[in-house]
Every structure is written in C-alpha cells, then in structure tokens.
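Summary of the model geometry
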Amino acid sequence: MSDTFRIADRHYSFQNLKEVMAKATPLRSGDLLAGVAALTMEERVAARFVLADIPLQRFLDEPLIPPEKDEVSRLILEQHDEEAFSFFRTMSVGSLRDWLLSDHADFILASRALTPEMVAAVCKLMRNQDLILVASRCSVITSFRTTIGLAGRMSTRLQPNHPTDDEKGILAEIIDGLLLGSGDAVIGINPATDDISTVRRLLQLIDDLRNRFSIPTQSCVLTHVTTSIELIDKGAPVDLVFQSIGGTEKTNSSFGVSLALLQEAHEAGLSLKRGSVGNNVMYFETGQGSALSAGAHHGVDQQTIEARAYAVARQFSPLLVNTVVGFIGPEYLYDGKQIIRAGLEDHFCGKLLGLPMGVDICYTNHAEADQDDMDNLLTLLAAAGVNFIMGIPGADDTMLHYQSTSFHDALYARQLLGLRPAPEFESWLQREGIFDEKMRLSAVAPSLIEGVNL
C-alpha cells in the first residue's frame with residue numbers, strides 16, 4: 001500500500017506504514033543514523049498529514065514487525081483488548097488525538113485498547129503541550145513499601161553510585177539524599193562491579209540502614225535479572241528486581257533476557273513478599289536508541305520502538321519504569337531540544353499505556369545540551385505528573401559519568417508545583433524532623449546524622 005500527499009507541486013509517497021511512522025517523527029539524530037528519517041521538513045509534514053488519516057485498525061492489519069519474527073510483537077497482540085478497542089475501531093490517528101485532548105477522554109479504556117504503535121503514532125501528531133496535558137490526566141499508582149503516583153505527589157530515586165562501590169561513600173550519598181527528602185521511589189545503586197558478592201553486599205548495606213531507621217522505601221541494586229534470581233535463591237534481601245528492556249526480541253536478547261526469563265524473575269520477586277503496602281516488584285529501564293545500538297530496530301523509528309518496550313514492561317506490573325532519556329548519547333538524541341522532546345514523548349506513551357513512568361532527566365557530556373535544558377525538562381515533566389525522577393549528589397554521577405538531576409532539583413520542583421513525596425515517606429520525613437509539617441527543610445539536625453558512623 002502506498003500513501004501519498006501533495007505539497008504545492010510535489011507529491012510525497014510512502015510505501016508502507018513503517019515509513020509513514022518514521023518520517024512523521026520529529027527530527028532526531030538516531031533516525032537519521034538509521035536512514036529512516038524524513039530528509040526535509042516538507043516530507044515530515046506530508047507524512048504527518050498521511051498519518052493523521054490512517055485508521056487505527058490498520059496498525060492491527062499491518063504490523064510494523066511481523067509477530068512470526070518477534071516475540072514482543074506477539075505479546076502486543078496477546079495484550080490487545082478487542083472489546084475495549086471496539087470504541088476506537090472507526091477512529092483515525094488524528095481523531096484519536098482530538099479525543100485524547102477532549103474533556104471526555106477515558107484513559108483507563110485507552111490503556112486497555114491501544115497498542116504501543118497506536119500510541120506512538122498519535123504522539124507524533126502532538127505538540128509538547130499536548131503531551132504534557134494528556135500525561136497529566138493519566139494516573140498510574142503502584143506500591144511496595146511506599147505508594148507511587150498519587151495525585152499531587154512526585155517521588156525520587158536516590159541514586160548513590162560510587163566508582164569503587166565503597167560502602168562509606170555510598171552511605172554518605174544516601175544520608176545526603178534522605179536529609180533532602182529523596183528516596184521514596186527507591187534507593188537504587190548501579191554497581192561498578194557486577195559480581196554477585198558485591199551486589200549482595202550493597203543490598204545488605206541498604207537493608208541494614210532501612211531497618212535501623214525504619215525508612216519506608218525499597219532498595220534495588222541494578223544488576224542483571226539472572227543475578228537477582230540467584231540472590232533470591234540464596235536469601236539475599238532483594239526488594240525490586242531490575243532489568244533494562246527494549247521493544248524488540250532481538251534488543252532484549254542483546255540484554256541477555258527473554259519474556260520467559262522476565263517472567264521467572266517476576267515470580268521470584270513476588271515469592272519473597274517483602275512489600276508492606278503492595279507487591280509491585282519489578283523495576284525496568286528503557287531508552288530511545290537502544291534497539292538501533294543493538295542492530296535490532298527492523299527499520300522502525302526509535303520512538304516507536306521505545307513505545308513497544310512498554311508492552312514488555314506492563315506485562316509484569318512494575319513498581320517503576322524509567323526512561324533514561326539522554327544517557328545513550330548524541331548519536332541518538334543530539335541536543336537539548338531532542339532530549340526534551342523525547343522525554344515528553346516517553347512519559348506520555350508510558351502513562352497512556354498504563355505504566356508508572358519516571359524519567360532520568362539527563363545528558364552525556366558530549367551532547368549539545370546543558371543543565372538549563374534539564375531544568376526545562378524537569379519543570380515540564382513535573383507539570384505533566386511524572387511519577388518519579390532521579391536524585392543524584394550534585395546532579396553528577398561520578399560512576400556512570402553523566403549529568404542528571406540532584407536532590408535540590410527535586411526540592412525545587414516540589415516547591416514550585418506544591419508536590420509532595422509518597423505519603424508513607426512524607427510521614428517518616430516529618431517524624432525524623434527532616435521536614436516540618438509544611439514540607440520545608442527543618443533547621444534541627446535530625447538523629448539520622450548522629451546515627452550513622454562514616
């Protein structure tokens with residue numbers, strides 16, 4: 001099937017749905033690198049006109065990646081709710097956009113009925129303000145020891161990475177973050193050395209601190225699921241099971257996982273029953289460009305592949321899903337403008353598909369971006385109702401060598417928009433004298449400082 005659109009005296013022709021989707025995508029370096037992007041703004045506009053008129057049913061009739069070749073495509077079809085989709089069957093991508101922006105949109109119905117490809121398609125027709133408005137209306141609530149995603153709240157992952165996994169250095173970073181109100185989403189460490197003894201030692205470090213001060217949060221050492229499964233079998237204090245995932249079977253294979261292995265990891269995490277207010281045990285990270293990096297994109301644009309990763313995530317009812325938006329580098333998102341757009345896209349798509357989306361608002365030092373760009377994205381995402389962001393000392397990760405958001409950045413966003421931490425964590429902050437009843441930092445030195453020997 002060929003789709004065409006005329007601008008002035010020129011006809012633009014697109015050979016299939018995959019090409020329309022790719023060429024309708026806002027400009028980004030990764031799609032140029034893959035050779036799938038529109039080469040001119042006129043071609044991009046033509047593709048968007050064509051995309052707006054495409055019926056949603058066509059995404060079911062014309063899979064971008066054939067299910068016989070890809071288990072993620074099969075999963076997407078298995079998840080699809082035909083009964084819920086009956087409401088949308090006569091809609092086009094353009095009319096879906098109008099409906100999402102209307103006052104009568106039902107986002108729970110949409111999350112059941114729409115496939116990731118449909119959500120990616122409507123995203124391409126939206127301005128940034130549209131992405132913010134719709135995402136702000138999508139509520140996704142999950143829980144373990146804290147409840148994440150409630151209205152008027154924004155949580156943080158306290159990320160105390162250390163280049164040598166030094167326990168005193170990590171503890172100092174954790175205490176610093178707790179004293180500034182960070183850590184209600186998770187205290188999550190990227191280990192510098194991914195051997196099982198190191199991972200177990202770091203898990204025990206966080207668990208001992210959490211139990212000593214009765215901190216209502218969850219821990220995670222971001223190791224491979226096979227390591228987490230082994231640690232669970234050995235009786236280690238595993239709260240959340242982490243894994244990086246992608247939107248194609250081949251991408252996930254490059255991460256050393258399959259849907260069956262993720263199911264095994266999910267069941268292992270559930271078996272421990274360590275949650276107190278809920279039992280969402282999975283933590284997934286994603287990011288635009290990972291499929292192209294692995295040579296596993298099947299000619300599909302990176303934003304659509306990213307949305308497909310969310311089908312994998314929602315299969316396992318995660319506590320947290322985090323798009324590490326600018327971490328993969330300028331080859332995929334070149335500058336601050338592209339990073340900001342991608343962050344809003346990922347948050348919108350994840351929320352619309354029913355996921356508890358957080359964003360690592362970040363960039364690498366060789367990207368054409370700076371902290372002002374991150375301030376802008378932070379503010380936009382906070383307004384859009386992001387479930388959680390990162391809290392890193394000074395916004396500078398000294399182990400992973402990239403720039404993100406700091407403990408103080410979270411304080412800014414909460415103060416600006418009147419946002420609060422998760423309720424269980426908020427009560428603990430007040431009980432410990434870290435925050436007062438108006439969620440302002442206390443002038444009184446809390447016992448937490450005196451209780452930890454560094």
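Please refer to the structure higher up on the page.
Just so you know, these numbers come straight off a predicted model, no measurement behind them.

Attention now goes to the overall build of the protein chain. Counting secondary structure elements, the protein chain contains 22 helices and 14 strands. The C-alpha atoms of the protein chain give a radius of gyration of 22 Å, which matches the 22 Å a tight globule of 454 residues would have. A principal-axis box enclosing the C-alpha atoms of the protein chain has dimensions of 75 × 45 × 45 Å. For the protein chain, buried positions account for 62% of its 454 residues.

Every second residue of strand β6 (residues 186–189) is oriented toward a common face, with Val-186 and Gly-188 on one face and Ile-187 and Ile-189 on the other, all of them buried. Relative to β6, strand β5 (residues 155–158) runs parallel, the two being bridged by two bridges. Bridge assignment links Arg-157 to a residue of β6, and that residue is Val-186. Traced from β6 through helix α12 (residues 196–212) to strand β7 (residues 219–221), the parallel crossover comes out right-handed.

Once that is clear, we can look at the packing of aromatic side chains. Tallied over the full model, the rule gives nine aromatic pairs. Measuring from ring centre to ring centre gives 5.0 Å for Phe-87 and Phe-88, while their planes differ by 80°; the resulting arrangement is edge-to-face. A residue is classified by how much of its surface remains accessible, and Phe-87, at 44% relative accessible area, is partly exposed. Look at Phe-284 and Phe-316: their rings are 6.2 Å apart centre to centre, the planes differ by 55°, and that puts the pair in the tilted class. On the criterion of sequence distance, the pair formed by Phe-284 in strand β9 (residues 282–286) and Phe-316 in the loop between α17 (302–314) and β10 (320–324) is long-range, its members being 32 residues apart.

Scanning the entire structure with this criterion turns up three cavities of 30 Å³ or more. If you add up the space inside the largest cavity, you get close to 120 Å³. If you trace the largest cavity, you find 13 residues lining it, with Phe-59, Pro-63, Ile-76, Leu-77 and Glu-117 closest to the centre. Of all the elements in the fold, those that place two or more residues in the lining of the largest cavity are α4 (57–61) and α5 (71–79). A total of three residues in the lining of the largest cavity trace back to one element, the largest contributor, which is α5.

To continue, consider the side chain of Arg-145. Looking at the secondary structure, you find Arg-145 in the loop between β3 (142–143) and β4 (147–148). Residue Arg-145 is classed as buried on the basis of its relative accessible area, which comes to 8%. Within the structure, Arg-145 has its side chain in polar contact with the backbone oxygen of Arg-274 (distance 3.4 Å). Among all residues touching Arg-145, those that are not within four sequence positions of it are Arg-210, Pro-216, Thr-217, Gln-218, Asp-239, Arg-274, Ser-276, Val-277 and Glu-424.

With that out of the way, let us pick up a nonpolar patch on the surface. There is a patch of nonpolar side chains on the surface, built from Leu-27, Leu-32 and Leu-39 and spanning about 320 Å² of accessible area. We classify Leu-32 as partly exposed; its relative accessible area is 44%.

With 17 residues, α12 should reach 24 Å at 1.5 Å per residue; the first-to-last C-alpha distance of 24 Å fits that figure. Those residues of α12 that sit buried are Thr-198, Val-199, Leu-202, Leu-203, Leu-205, Ile-206, Asp-207, Leu-209 and Arg-210. Against the buried residues of α12 lie α11 (167–179), β6, β7 and α13 (225–233). Positive phi appears at Ser-214, one or two residues downstream of α12, with a value of about 50°.

Closest axis-to-axis distance for the α12/α13 pair is 11 Å, and the angle between their directions is 65°. For the element pair α12 / α13, the angle class is roughly perpendicular. Of the two elements, α12 crosses α13, and the hand of that crossing is right-handed. Taken together, the residues of α13 that come into contact with α12 (itself represented by Ile-196, Val-199, Arg-200 and Leu-203) are Thr-227, Glu-230 and Leu-231. Along the lines of polarity and charge, the residues of the contact of α12 with α13 split into four nonpolar, one polar and two charged.

For the rest of this paragraph, the subject is the layout of surface pockets. One number sums up the size of the largest pocket: a volume of about 480 Å³. Lining the largest pocket are 22 residues, with Phe-242, Ser-244, Glu-285, Val-324 and Phe-327 positioned closest to its centre. Listed by contribution, the elements that provide at least two residues to the lining of the largest pocket are β8 (241–244), β9 and α16 (290–293). Its boundaries defined by the atoms lining it, the second largest pocket holds a volume of some 330 Å³. If you go around the second largest pocket, you meet 13 residues; those closest to its centre are Pro-26, Leu-27, Arg-48, Lys-337 and Arg-341. Elements that contribute at least two residues to the lining of the second largest pocket include exactly α3 (41–52) and α18 (336–352). Split by residue class, the lining of the second largest pocket holds four nonpolar, two polar and seven charged.

What follows concerns the environment of Tyr-332. Position of Tyr-332 among the secondary structure elements: in the loop between β10 and α18. Residues Tyr-332 and Ser-290, 42 residues apart in the sequence, show an inter-C-alpha distance of 8.8 Å. Each residue touching Tyr-332, except ones within four places of it in the same chain, is listed here: Arg-28, Ser-29, Gly-30, Leu-33, Gln-288, Gly-289, Leu-292, Ser-293, Gln-302 and Gln-338.

Calculation rules
Residues numbered from 1 in each chain as written. Predicted model: local features only at pLDDT ≥ 70, side-chain atom pairs only at ≥ 80, totals over all residues. Heavy atoms only, no water. Helix = DSSP H or I, 4+ residues; strand = E, 2+ residues; numbered from the N terminus. Rg over C-alpha atoms; globule rule 2.2 N^0.38 Å. Buried < 20%, exposed > 50% of the residue type's maximum accessible area, 1.4 Å probe, protein only. Pairing = 2+ DSSP bridges. Right-handed = clockwise from strand over helix to strand, strands pointing away. Phe/Tyr/Trp six-rings, centres within 6.5 Å; stacked < 30°, edge-to-face > 60°. 1 Å grid on protein atoms, 1.4 Å probe; cavity = no way out; pocket = protein on both sides within 12 Å on 5 of 7 lines; lining within 4 Å. Points joined across faces, edges and corners; volume = space filled by probe spheres on them. Polar contact = N/O pair within 3.5 Å; in protein donor to acceptor, adjacent residues only side chain to side chain. Contact = heavy atoms within 4.5 Å. Patch = residues over 30% accessible without salt bridge, like charges linked within 9 Å, V, L, I, M, F, W, Y side chains within 5 Å. Areas by Shrake-Rupley, 256 points an atom, 1.4 Å probe, with all protein chains shown as cover. Salt bridge = Lys/Arg side-chain N within 4 Å of Asp/Glu carboxyl O. Expected span 1.5 Å × (residues − 1). Axes fitted to C-alpha atoms, helices over the stretch in contact; angles between N-to-C directions. Parallel < 35°, antiparallel > 145°, perpendicular 65-115°, else oblique. Left-handed = near helix turned anticlockwise from the far one by under 90°. Nonpolar A, V, L, I, M, F, W, Y, C, P; charged D, E, K, R; others polar.

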